[in-house]
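Chain by chain, the residues:
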Amino acid sequence: MRPGQSRKAQIRLFIAYVVAVVGAVVGLLLAIISVADPVGFAALRTAAQEVVSPVARLTRSVTGTASGINDSIAAYFAAGSQNRRLRAQVEEQQRDLVEASTLAEENRQLRLLLKLDEQGSGGIANGYLLTSNPTSSRRLAILSIGRNRGVQAGMPIRAADGLIGRVLDAGPTTARVLLLTDSDNIVPLRRASDGLPALASGRGNGELDIRTLNLADNPFKPGDILVTSGTGGIYRPNIPVALVVRLQNDGAVARPLADPAKVDIVAVLPAYAAVSGASEIAP
Amino acid sequence: MSSLAPQRIGEPPSQLRLQSVPIMSVMLASALPMMLPMIAAWAWLPPLGLLLFLAWRLLHPSLWPVWIGLPLGLWDDLVSGQPVGAAMGLWTIALLGIDFIDQRTYWRGYWQDWMIAAVATSIIIVAGAVLAHPGTGLSLILGLVGLQIAASILLFPMMVRVAAWLDRVRLFRR
């Protein structure tokens, strides 16, 4: 743009450039700060989210979740190999099921003997995931309930199938959920079969990286089920998390058992405070 | 498109409509993904706000002052879940870049606009992902947003049509 001869227009243009350059630098600095301290802008963000969420509530109530479409298209591409794999899996799982039912019975009797309750299995509140941000590489979703139902930052979220993520910050009627698949979300796990400790971190594309402390050889095999270990608090032990789908150099790649795109109702659980030392002992 | 007061034939559109249509449309496009009932497993939807923003700017070089990326980018950050300030900074840098190109070239047409938008969108998406995941390798970042970049580039011509249609609404005279 050329301002022409007008002195005033020239000065105005110059000031606009100065504001833009300074603003751009400040913006990038803010971004770096807000990565380091994500809570800093929570109030502003919550306000924007509360403005937008009524529309999401409305569209969701009209259509339900629309994300099954992706899956049903993708399913065609892998139908053959998937069929073979699923057959093998079903057979294997039937064997496991028999084994598990005997274990469950044994467990029930032992619990009766010890007079143990299911430790705090009750959730704080139930809600549903309204929407997520399909334009950002961070994996966040908006939960339909917030502080009005007792939701607070740090609380784990689970669906019937398994863990979804945890609450990042809670607004008056909505809350932001950091999904399991976000690359900043690290969850301490153990293998359901033998208690092998591991760590899951999101890959940002719907899958999880699974790493273990044991670096000597890769102990995983496809089909391993991973549950939370309760180490370090936040997530109580034994919430199902993921299924190992393939191996990689240092660990494995797993798929979350609960697909946030398909779950209807999620439960907000109280943040788990690890009993000092007790949950740290590896089995 | 009539405002509250009856419009006389040939009367120029109100200042409010002239100014608000581009700004409101970009804000709406930024917030639109958050209004849809989808839980996305990965980032696949193009940043609609950014695309419409670039489309308006390339369609109307003198529509906005060069700092307009600051408020519009802030809104985009607040609703998109990116770290606050990322779009503020990157959108403004894109506008400065486009201004620079406009000063150096005598003309640009459809293909040049598309190319400028493609380059700007790619850089902004990658830089945004780098800001959101500091310390992540570039190959992993490209894996995260590669599909989104391709989708964005392909969607841009449609966003130009949207901006052009909104422009007709903006300038409508009876």
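Conventions used here
Residues numbered from 1 in each chain as written. Chains lettered and ligands numbered in written order. Predicted model: local features only at pLDDT ≥ 70, side-chain atom pairs only at ≥ 80, totals over all residues. Heavy atoms only, no water. Helix = DSSP H or I, 4+ residues; strand = E, 2+ residues; numbered from the N terminus. Buried < 20%, exposed > 50% of the residue type's maximum accessible area, 1.4 Å probe, protein only. Areas by Shrake-Rupley, 256 points an atom, 1.4 Å probe, with all protein chains shown as cover. Rg over C-alpha atoms; globule rule 2.2 N^0.38 Å. Contact = heavy atoms within 4.5 Å. Polar contact = N/O pair within 3.5 Å; in protein donor to acceptor, adjacent residues only side chain to side chain. Phe/Tyr/Trp six-rings, centres within 6.5 Å; stacked < 30°, edge-to-face > 60°. Pairing = 2+ DSSP bridges. Lys, Arg positive; Asp, Glu negative; His and termini not counted. Salt bridge = Lys/Arg side-chain N within 4 Å of Asp/Glu carboxyl O. pLDDT = per-residue confidence, 0-100. Expected span 1.5 Å × (residues − 1). Core = buried A, V, L, I, M, F, W, Y, C linked by side-chain atoms within 4.5 Å. Axes fitted to C-alpha atoms, helices over the stretch in contact; angles between N-to-C directions.

**Let's talk about the overall build of chain A**
Helix and strand content of chain A: four helices and 13 strands. With 283 residues in all, chain A has 39% of them scored as buried. When the accessible area of chain A is evaluated, it comes to approximately 15,500 Å², of which 61% is carbon and sulfur surface.

**Quick word on the overall build of chain B**
Per the secondary structure count, chain B includes six helices and zero strands. Listing each helix as α and each strand as β along chain B from the N terminus yields α-α-α-α-α-α. Here the C-alpha radius of gyration of chain B, 17 Å, is about what a compact globule of 174 residues would show, namely 16 Å. Expressed along its principal axes, the backbone C-alpha trace of chain B runs to roughly 60 × 45 × 25 Å. Among the 174 residues that make up chain B, the fraction classed as buried is 55%. A sequence separation of at least 24 residues applies to 71% of the contacts in chain B between residues at least 6 apart. When the accessible surface of chain B is split by element, carbon and sulfur atoms take 73% of a total near 8,200 Å².

**Details of the side chain of A:Ser137**
The topology assignment puts A:Ser137 in the loop between strand S2 (129-132) and strand S3 (140-143). A distance of 3.1 Å separates a polar atom in the side chain of A:Ser137 from a polar atom in the side chain of B:His133. Residues within four places of A:Ser137 in sequence aside, it is in contact with B:Ala43, B:Gln82, B:Ala129, B:Ala132, B:His133, B:Leu144 and B:Val145.

**Digging into the packing of aromatic side chains**
Residues and elements named next belong to chain B. Tallied over the entire structure, the rule returns five aromatic pairs over all chains. With 5.2 Å between their ring centres and 80 degrees between their planes, tyrosine 110 and tryptophan 111 make a pair best called edge-to-face. According to the relative accessible area criterion, tyrosine 110 is partly exposed, its value standing at 46%. Of the residues examined, tryptophan 111 reaches a relative accessible area of 60% and is grouped as exposed. Each residue in the set Phe53, Trp64 and Trp91 is aromatic and connected to the rest through ring pairs, giving one cluster.

**What to know about the pairing of strand S11 (residues 240-248) of chain A**
Residue and element names in this part refer to chain A. One ladder, built from three bridges, connects strand S10 (residues 225-228) with S11; its direction is antiparallel. Bridging from a neighbouring strand, leucine 226 pairs with alanine 242 of S11. Note: S11 against strand S12 (residues 251-256), six bridges, orientation antiparallel. When the sheet's bridge partners are listed, leucine 243 is paired in S12 with arginine 255. The turn linking S11 back onto S12 is made up of two residues.

**Side note on the side chain of B:Asp77**
For B:Asp77, the location among the structural elements is in helix H3 (residues 69-80). Among buried charged residues, B:Asp77 stands out as having no salt bridge; its nearest opposite-charge side chain is A:Arg45, 7.0 Å away. Of the polar contacts made by the side chain of B:Asp77, one reaches the backbone nitrogen of B:Ala86; its length is 3.2 Å. When residues no more than four places from it in sequence are discounted, the contact partners of B:Asp77 are A:Arg45, B:Gln82, B:Pro83, B:Val84, B:Gly85, B:Ala86, B:Ala87 and B:Met88.

**Describing the confidence of the model for chain B**
Here chain B averages 88 in pLDDT, while 96% of its residues score no lower than 70. Reported confidence for the predicted complex is 0.79 by ipTM and 0.78 by pTM.

**Points about helix H1 (residues 15-35) of chain B**
When the terminal C-alpha atoms of H1(B) are compared, their 29 Å separation across 21 residues agrees well with the 30 Å that a helix rising 1.5 Å per residue should span. Every buried residue of H1(B) is listed here: B:Arg17, B:Leu18, B:Val21, B:Pro22, B:Ser25, B:Val26, B:Ala29, B:Ser30, B:Ala31, B:Pro33, B:Met34 and B:Met35.

**A closer look at the nonpolar core**
Core analysis: the largest hydrophobic core is formed by 37 residues, its most contacted members being B:Phe53 and B:Trp56. Elements that contribute at least two residues to this core include exactly helix H1 (7-36) of chain A together with H1, helix H2 (48-59), helix H4 (86-104), helix H5 (110-132) and helix H6 (138-170) of chain B. No other element matches the nine residues that H2(B) contributes to this core. Ignoring any residue separated from it by four or fewer positions in sequence, one finds B:Trp56 in contact with B:Val21, B:Pro22, B:Ser25, B:Val26, B:Leu63, B:Trp64, B:Ala163, B:Leu166, B:Asp167 and B:Arg170.

**Overview of the sheet that holds strand S4 (residues 156-158) of chain A**
Picture the strands of a sheet paired through backbone hydrogen bonds; they go either parallel or antiparallel. Residue and element names in this part refer to chain A. Spatially, seven strands are ordered S1-S13-S4-S5-S6-S3-S2 in an open sheet, and the strand pairing comes out antiparallel. Here the strands that pair on one side only, and so sit at the sheet edges, are strand S1 (125-127) and S2. Here the strands of the sheet are splayed against their neighbours by 35 degrees on average, with no regard to which way each runs. As judged from the three bridges shared by S4 and strand S5 (residues 163-170), these two strands associate in the antiparallel manner. Of the residues in S5, the one forming a bridge with isoleucine 157 is glycine 165.

**Quick look at the pattern of salt bridges**
On inspection of all chains with the given rule, the structure shows 14 salt bridges over all chains. The salt bridge involving A:Arg138 is made with A:Asp184; its shortest N-O contact spans 3.4 Å. Here A:Arg138, found in the loop between S2 and S3, pairs with A:Asp184, found in the loop between strand S6 (175-179) and strand S7 (186-191); they are 46 residues apart in sequence, far enough to count as distant. Using a relative accessible area of 39% as the deciding quantity, one classes A:Asp184 as partly exposed. Among the salt bridges present, the one from B:Arg57 reaches B:Asp102, with a minimum N-O distance of 3.2 Å. Of this pair, B:Arg57 sits in helix H2 while B:Asp102 sits in helix H4; the two residues are 45 residues apart in sequence, bridging distant segments of the chain. Like B:Arg57, the residue B:Asp102 is buried in the burial classification. Taken together, the salt bridges that share partners define one network made up of B:Arg57, B:Asp99, B:Asp102, B:Arg108 and B:Asp113.

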